[in-house]
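If you want the building blocks of each chain, they are given just below.
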Amino acid sequence: MQLVDTHVHINFDVFQGNLSSLRQRWQDAGVVHLVHSCVEPKEFQGIQSLADRIPELSFAIGLHPLDVDQWHPDSPRQIKELAESDSRVVAIGETGLDFYKADNQEKQIVALVEQLKIAKKLDLPIIIHCRDAAVKLKEVLTDFWSTEGSVKGVMHCWGGNKEETEWFLDLGFYISYSGIVTFKNAKQVKEAAKIVPIERLLIETDCPFLAPVPHRGRTNEPSYVRHVAEQIATLRETDLDTIAQQTTANACRLFNIQLKP
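Residues numbered from 1 in each chain as written. Predicted model: local features only at pLDDT ≥ 70, side-chain atom pairs only at ≥ 80, totals over all residues. Heavy atoms only, no water.

1. Some details on the overall build of the chain
Stage number 1. When its secondary structure is counted, the chain shows nine helices and eight strands.
Stage number 2. What you see for the chain is a C-alpha radius of gyration of 17 Å, in line with the 18 Å of a compact globule of 261 residues.
Stage number 3. Summarising its shape, the C-alpha atoms of the chain cover approximately 45 × 40 × 30 Å along the three principal directions.
Stage number 4. The 261 residues of the chain split such that 57% are buried.
Stage number 5. By sequence separation, contacts in the chain at least 24 residues apart represent 72% of the contacts at least 6 residues apart.
Stage number 6. By element, 46% of the accessible surface of the chain is carried by carbon and sulfur atoms, the whole surface being about 11,400 Å².
Stage number 7. Mean positive and mean negative side-chain charge positions of the chain (28 and 36 charges, respectively) differ by 3 Å. (Helix = DSSP H or I, 4+ residues; strand = E, 2+ residues; numbered from the N terminus. Rg over C-alpha atoms; globule rule 2.2 N^0.38 Å. Buried < 20%, exposed > 50% of the residue type's maximum accessible area, 1.4 Å probe, protein only. Contact = heavy atoms within 4.5 Å. Areas by Shrake-Rupley, 256 points an atom, 1.4 Å probe, with all protein chains shown as cover. Lys, Arg positive; Asp, Glu negative; His and termini not counted. Charge placed at Lys NZ, Arg CZ, Asp CG, Glu CD.)

2. Focus: the sheet that holds strand S6 (residues 153-155)
Stage number 1. Here eight strands make up an open sheet; going across it, the order is S1-S2-S3-S4-S5-S6-S7-S8 and the pairing parallel. What marks the edges here is a single partner per strand, and that holds for strand S1 (3-8) and strand S8 (201-203). The sheet shows a mean angle of 30 degrees between the axes of neighbouring strands, direction not considered.
Stage number 2. Bridging between strand S3 (residues 57-61) and strand S4 (residues 89-98) involves three bridges; their strand directions are parallel. Each bridged residue has a counterpart across the sheet, and for Phe 59 the counterpart in S4 is Val 89.
Stage number 3. The strands that helix H2 (residues 44-53) touches are strand S2 (31-36), S3 and S4; relative to S3, the one it contacts most, it runs at about 170 degrees.
Stage number 4. Lying over the sheet, helix H8 (residues 225-235) contacts S1, S2, strand S7 (174-177) and S8, oriented at roughly 145 degrees with respect to S8. (Pairing = 2+ DSSP bridges. Axes fitted to C-alpha atoms, helices over the stretch in contact; angles between N-to-C directions.)

Here it is, written out as structure tokens:
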């Protein structure tokens, strides 16, 4: 069985010093590839260094909406040039909208649109973070699709309900589920996970955050993506091998990943 964790942050301090054992655990769990997301361009060199040590690691470049105060007029050029500088870059992001505690919504929208333009120009998928902003995100993306054209991508760590899920499926997005789908009270997430076409389904950990049951409360890690896959299989009344095979194929297709033997 092969699994792909499509969203990790293993550059965080909590993992430093034990990467060898961390990697051994994800390999033992069947994880054959990881996509490392980027929350700000200054992370890029460190993520590159990780990929030099871990051949099954691809990565993205972008600016997270919660870091959008770092956005400046030269940011689009910087992100584009970094994306073009390394063939292991498989996506732009993570970007998106986070209105949970935001007083900078317009700045987030500007940064999102500029990163959509980069993804469009480079023909790369975009990794979208969305928290308490689904209505506005749908509006921004629909406007972009009508004026600039569509962009492929993924709604990562998705927590939306069935109606919101349909919005982003209709825009062509893949939907990626994290450990949230294993939480007891995540009823709307569980229901939405049942309706995503299997060819648009992805799994992730978003580690070190949101460890799935039975590890909830601990530091999350890529090996735990298997629990996400198991829960998805249960919800969809299928088997783990089917979910593993399909989500791995989907990840390879979206991110243009060539799995190493």
